[in-house]
Amino acid sequence: MTQTGTTPIQPLSPASTGPEDGYTGLLSVLCVSENPLFRDRICRNLEREGNIFVEIAVTAEDALSLVSYLVFDVVVTDCIAWQGNENGFLKAMRQRGIRIPFIYFIRDAGNQAREEIARLGAARLVPWNGHPDTLQFENLLQCILDMTDSRSGKETR
């Protein structure tokens with residue numbers, strides 16, 4: 001790729017991110033929450049080792065817009081109800097044909113919500129009690145790695 005003139009533009013990332021060239025790249029996570037503390041903790045804890053990039057969206061509407069033109073490996077959210085509908089955000093994604101793995105990082109959902117999450121596919125619930133202890137974020141990280149086949153290149157624990 002060249003600019004006007006002869007100075008080549010260096011891409012920010014390699015052209016191939018497949019295992020055939022030994023580069024597995026970063027995992028991209030879309031964090032969706034209206035809670036700024038939740039977003040901050042997700043970003044700090046997932047980005048601390050450098051193999052995950054977190055983009056944020058404040059609302060489900062923002063997230064639906066972002067996924068229409070950006071590619072994410074996984075969505076992490078605390079948005080269990082949206083537009084008065086339990087699992088509404090996840091349902092909207094699936095109805096639009098968006099199959100991105102989806103993780104609810106929340107205190108707990110009722111049994112009915114869990115059943116629906118399982119039925120909608122490629123979605124999991126990881127419990128979080130609201131505290132910043134690392135064990136909870138390690139559980140979230142492990143779930144992300146499991147759902148993305150560990151494409152970050154980091155060994156699973």
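The following paragraphs examine the structure supplied in this document.

1. Description of the nonpolar core
L30, V75, F89, M93 and F102 are the most contacted members of the largest nonpolar core, which has 25 residues in total. The set of elements that each furnish at least two residues to this core consists of β1 (27–32), α2 (60–67), α3 (88–95), β6 (102–106), α4 (111–120) and β7 (123–127). It is α2 that provides the largest number of residues to this core, a total of five residues. When neighbours within four sequence positions are excluded, L30 is seen to be in contact with E55, I56, A57, A63, L66, V67, F72, V74, V75 and V76. Formed by 22 residues, the second largest nonpolar core is a distinct cluster that contains I42, V76, W128 and L145.

2. With respect to α2
Among all positions of α2, only A60, A63, L64, L66 and V67 are buried. Taken down its axis, α2 places every buried residue within 160° of arc, on the same side.

3. Structural notes on unusual backbone geometry
A positive phi angle is found at Q83, which is not glycine, with a value near 55°. Structurally, the position occupied by Q83 is in the loop between β4 (81–82) and β5 (85–86). A positive phi is found at N87, a non-glycine position, where the angle reads about 60°. Mapped onto the secondary structure, N87 falls in the loop between β5 and α3.

4. Section: the packing of helix α1 (residues 36–47) against helix α5 (residues 134–147)
Taken N-terminus to C-terminus, the directions of α1 and α5 make an angle of 70°; their axes are 10 Å apart at the nearest point. Taken as axis vectors, α1 and α5 run roughly perpendicular relative to one another. Between α1 and α5 lies a crossing of right-handed hand. Along its contact with α1, which presents R41, I42, N45 and L46, the element α5 presents F137, L140, L141 and I144. Residues of the contact of α1 with α5, tallied by class, amount to six nonpolar, one polar and one charged.

5. A closer look at the sheet that holds strand β2 (residues 52–57)
Spatial ordering of the open sheet is given by β2-β1-β3-β6-β7, a layout of five strands whose pairing is parallel. Of all strands in the sheet, those with a lone pairing partner are β2 and β7, marking the two edges. Between one strand axis and the next, the sheet turns through 25° on average, direction left out of account. Pairing analysis gives five bridges linking β6 to β7, with the strands arranged parallel. Looking at β7, one finds that F102 is bridged to A123. α1 contacts β1, β2, β3 (74–77) and β6 of the sheet and is inclined by roughly 170° relative to β2.

What counts, and where the lines are drawn
Residues numbered from 1 in each chain as written. Predicted model: local features only at pLDDT ≥ 70, side-chain atom pairs only at ≥ 80, totals over all residues. Heavy atoms only, no water. Core = buried A, V, L, I, M, F, W, Y, C linked by side-chain atoms within 4.5 Å. Buried < 20%, exposed > 50% of the residue type's maximum accessible area, 1.4 Å probe, protein only. Helix = DSSP H or I, 4+ residues; strand = E, 2+ residues; numbered from the N terminus. Contact = heavy atoms within 4.5 Å. Arc of directions from axis to C-beta. Axes fitted to C-alpha atoms, helices over the stretch in contact; angles between N-to-C directions. Parallel < 35°, antiparallel > 145°, perpendicular 65-115°, else oblique. Left-handed = near helix turned anticlockwise from the far one by under 90°. Nonpolar A, V, L, I, M, F, W, Y, C, P; charged D, E, K, R; others polar. Pairing = 2+ DSSP bridges.

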